[in-house]
Amino acid sequence: MTRATTVRAVLAAAVLLVSVLITLTMSPRLGLDLQGGTRMVLQAKDSDTAKADRESTDRTLEVLRQRIDSLGVAEPTLTRSGEDRIIVELPDVQDPRKAAEVIGRTAQLGFHAVQGPGTEDGAGKEKDAGKEKKDGPTFRDEQGRALDLGPVRLTGAGVKDAAAEFDAQQGAGWTVSLDFHKQAGKDWTRLTGEAACYPEGDERRRVAIVLDQQIISSPQVSPSVACKAGLPSGSTQITGSFGADEARELALLIKGGALPLPVEIVEQRTVGPTLGAAAIDASARAALIGAAATALFITIVYRLFGALAAVALAAYGLISYAALVALGVTLTLPGLAGFVLAIGMAVDANVLVFERAREEHAQHPGRTLRSSLTAGFRGAWSAVADSNVTTLIAAGLLFFLGSGPVKGFGVTLAIGVLASMFSALVIARALTEIATGSRFVNDYRGINGIGIPGRVRTWLTRRDPRLMKSPRRWLTVSAVLVAVAVLGIVVRGVNLGVEFTGGRLVEYSTSRPVDVERARTLLAGAGFGDAEVTTAGAGDLSVRTAGLGNDDERAVRAALAKEGGETTKVRDELIGPSLGDELRRNALIALAIAVLVQLAYLAVRFRWTFALGSVAALVHDVIILVGAFAWLGRTVDGIFLAALLTVIGYSVNDSVVVFDRVREIWAKARRTPLPVVADRAVVQTVPRTVNTGMGALFILVALAVLGGDSLADFALALLIGICVGTYSSVLTAVPAALVLERSSKAPPPARKRSPGRRSGTKKPQRDPYDNGARV
């Protein structure tokens, strides 16, 4: 065993040991759909500057969303109910009272000039407390001294960022650092410059920082600051006797911004999971069966090395789960969608390596098994790196630019991708390299999976298809499919779920307890299969669905009465969409930026024609998936959004693998026409594409068949998306790049020199499509 293999084995063992310890000692955070959580109803109230109407309540909702996102990596649900109420659902909240305190704070931040000491009577109380003075109101500072303040010179709206920091050097303890926007920074410089004109020790040399009508800090301007010069405009610090939690809470409130309206918590309760225990168990069984089928498939295809890759796949599941638990990520159904893509990529990396090793062995039969495997890892590295980097770019942008379920998807996807790379390139490589040291494995190469070419590769080599001779033909087929999908969107329309459209929330009390799964079955039988059903307090049921008229509501009540006996309506509210306008807009912006960044990355790593071909395939897949759901009348909701993001990542990953091989072959044979190069690249990568797709399909079919109604649409969307993505990566992306190359004057990629071959030697060329001739 070589030194490199030993290092990989030790590293893999250490990571697995830590993962096992985390799994055994820590519990996961589960979302509302899996475990339940806290539901709060907030009542927005009129303020001096705004009325509690629909528009101002929506603005308040978005500020609350920013605050809740800052509380942790969770997937909260916020919806507007009527004109002035907001429903907040917090999954797995450990301290609801603390969350309620942060959510309900108005957080009006202001920076004031101090005009002098306040006036106090002999008892130490302010005179005319709370009344407006000549120049401004009187407040008390951190030491309890009264101060007269001028009007607000700078508000929290001018703060760009806020963070809690521990200042060990100055001995100030925990502080909150503030970064200002450009104009606000100038105002800060002007304010501190005016204060610096007063002598040291004068109260007027101070600047008061006021939060919700209370002075939280009133520092003196340093003696080193000259009159009218002021402090630098970039940033400042709020000091005070803060603990760590107090500093973080203050930074969170300032960063989240002030609420446009004050809010009051009028109801707070614990709710049950959206998915019942039976649905969760069915989903877990489906995932295990699908993963087992995938492991069996790659074992059959790649024999011993496939079995070792299956072991690495199990290690991936352990490592990624431990990472999620350690980081405190909330596990919800949409967030777990990222793992479907990551599982596919974990299998994909091993398939890429094994297929390259098969090629190396076929081209160099005299090579040892270890050298063929090493060449496979070396040859597949660029494709593995590029496909994972593009996915990580998308995941990072979705996390930093998105919110709610989009942010959760980005977190789980990034963790899954990193864990899959580690399992494939460290664990699987260590296991296979150790196996190559066995004499038995070397003598009987049909056992290891590399010494045999594979059925798909053998069939393609025998047929030698010329798929790219007429690339416009495939683009025509893709255009027809897109047109059919668009026709479905126009004619049938997109059936938007309650997250997008809003709907009606009705709460019922039954005389006999009704299980959530049984209630969901009863409502599905009555024609309300899309309704969300949760428990709501002591035996109550909450039903949320779109387009529920009065007659429909009576039908829902009658359906529940079949099992629950006398059914009484406790609450009935019209609610707004939980995926609000700003959240949907931010999600689309994040998605667009992710696509543009991926386009730029692929253009740098490959060619701009290849990058546009990949994006064309991506757009093709998205339109067809949405159109298919339109034709089928399926609901487009938050779960569909997670599936769509998964399909986008899968599509880009597939295209990158094909173009990586095109680039490699073309660099070695610059005079070969690009259609011939593309044919060779497709033939060489199709075995990988088929085997990777089959691995993902096993999991998805199991989820669709065994996962129950809650996962049916999710699995269906991924099944359609992966089938379409597999097709488009070969028959849309590559033909589009070929058509673009014909109009481009860019030279072929730089040639990789082979040792011993002189430059300048030429061979006569013939038409590569004439009677099977080759260059």
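Residues numbered from 1 in each chain as written. Predicted model: local features only at pLDDT ≥ 70, side-chain atom pairs only at ≥ 80, totals over all residues. Heavy atoms only, no water.

Draft legend 1. Structural context of the overall build of the chain. The number of helices and strands found in the chain is 22 helices and 20 strands. With 775 residues in all, the chain has 52% of them scored as buried. When contacts within the chain are restricted to residue pairs at least 6 apart in sequence, those whose partners lie at least 24 apart make up 79%. Carbon together with sulfur atoms contributes 58% to the accessible area of the chain, which is approximately 34,300 Å² in total. (Helix = DSSP H or I, 4+ residues; strand = E, 2+ residues; numbered from the N terminus. Buried < 20%, exposed > 50% of the residue type's maximum accessible area, 1.4 Å probe, protein only. Contact = heavy atoms within 4.5 Å. Areas by Shrake-Rupley, 256 points an atom, 1.4 Å probe, with all protein chains shown as cover.)

Draft legend 2. Structural context of the pairing of strand β18 (residues 540-545). Among the six residues in β18, six count as buried, and that is most of the element. Here β18 shows two buried faces, one formed by D540, S542 and R544 and the other by L541, V543 and T545. Of the strand pairs in this sheet, strand β16 (residues 503-510) and β18 are connected by six bridges, and their pairing is antiparallel. Bridge assignment links Y508 to a residue of β18, and that residue is L541. In this structure, strand β17 (residues 532-535) lies alongside β18, joined through four bridges in antiparallel fashion. Bridged to V533 within β18 is V543. (Pairing = 2+ DSSP bridges.)

Draft legend 3. Inspection of unusual backbone geometry at higher detail. A positive phi angle, close to 70°, is found at K228, a residue other than glycine. Looking at the secondary structure, you find K228 in the loop between β11 (214-217) and β12 (235-242). Of the residues examined, K228 reaches a relative accessible area of 63% and is grouped as exposed. Even without a glycine there, the phi angle at R303 is positive, about 55°. Examined against the element boundaries, R303 turns out to sit in helix α6 (residues 277-327). Given the relative accessible area of 37%, R303 is considered partly exposed.

Draft legend 4. Structural detail: the pattern of salt bridges. Counted under the stated rule, the structure contains 28 salt bridges. Residues E203 and R206 are paired through a salt bridge, measuring 2.5 Å at the closest nitrogen-oxygen approach. Residues D572 and K569 are paired through a salt bridge, measuring 3.2 Å at the closest nitrogen-oxygen approach. Owing to a relative accessible area of 31%, D572 belongs among the partly exposed residues under this scheme. Among the residues examined, K569 registers a relative accessible area of 33% and is labelled partly exposed. In the salt-bridge network here, residues are joined through shared partners; they are R356, E359, R661, E664 and K668. (Salt bridge = Lys/Arg side-chain N within 4 Å of Asp/Glu carboxyl O.)

Draft legend 5. Representation of the packing of helix α19 (residues 638-668) against helix α20 (residues 674-706). With their axes 8 Å apart at the nearest point, α19 and α20 run at an angle of 140° to one another. Taken together, the axes of α19 and α20 are oblique relative to one another. Classified by chirality, the crossing of α20 by α19 is right-handed. On α20, the residues that touch Y650, N653, D654, V657, V658, R661, V662, I665 and W666 of α19 are L674, V677, A678, R680, A681, V682, Q684, T685, R688, T689, T692 and G693. Residue composition of the contact of α19 with α20, by class: eleven nonpolar, six polar and four charged. (Axes fitted to C-alpha atoms, helices over the stretch in contact; angles between N-to-C directions. Parallel < 35°, antiparallel > 145°, perpendicular 65-115°, else oblique. Left-handed = near helix turned anticlockwise from the far one by under 90°. Nonpolar A, V, L, I, M, F, W, Y, C, P; charged D, E, K, R; others polar.)

Draft legend 6. View of a nonpolar patch on the surface. On the surface, V480, V484, V486, L487, V490, V491 and W631 cluster together into a nonpolar patch covering about 630 Å² of accessible area. Counting residues per element, the nonpolar patch draws most heavily on helix α13 (residues 471-491), which supplies six residues. In this fold, L487 is placed in helix α13. (Patch = residues over 30% accessible without salt bridge, like charges linked within 9 Å, V, L, I, M, F, W, Y side chains within 5 Å.)

Draft legend 7. Focus on α13. With 21 residues, α13 should reach 30 Å at 1.5 Å per residue; the first-to-last C-alpha distance of 30 Å fits that figure. Of the residues making up α13, those classed as buried are P471, W474, S478, A485 and G488. Within α13, the buried residues cover an arc of 115° as seen down the axis, which keeps them to one side. Residues R472, V490 and V491 are exposed on α13 and point more than 90 degrees away from its buried face. Looking one or two residues past α13, G493 carries a phi angle of roughly 80°, positive in sign. (Expected span 1.5 Å × (residues − 1). Arc of directions from axis to C-beta.)

Draft legend 8. Main features of the state of the cysteines. As enumerated under the stated definition, the model contains one disulfide in all. Through a disulfide, C197 is tied to C227; the S-S separation comes to 1.8 Å. Sign of the S-S torsion, about 80° for the bond between C197 and C227, identifies this disulfide as right-handed. With a gap of 30 residues between them, C197 in the loop between α4 (182-195) and β10 (207-211) and C227 in the loop between β11 and β12 connect regions that are remote in the sequence. The partly exposed category is assigned to C227, whose relative accessible area is 42%. (Disulfide = S-S within 2.5 Å.)

Draft legend 9. Up close: the nonpolar core. Of all hydrophobic cores here, the largest spans 68 residues; its most connected members are M468, L625 and F640. The element best represented in this core is α19, accounting for 16 residues. Ignoring anything within four residues of it in the chain, the contact list for F640 reads L625, V626, F629, T635 and A717. Judged by nonpolar contacts, the second largest core, of 41 residues, contains V301, A346, A357 and A428. (Core = buried A, V, L, I, M, F, W, Y, C linked by side-chain atoms within 4.5 Å.)

Treat this as a map of the structure, not an account of what it does.
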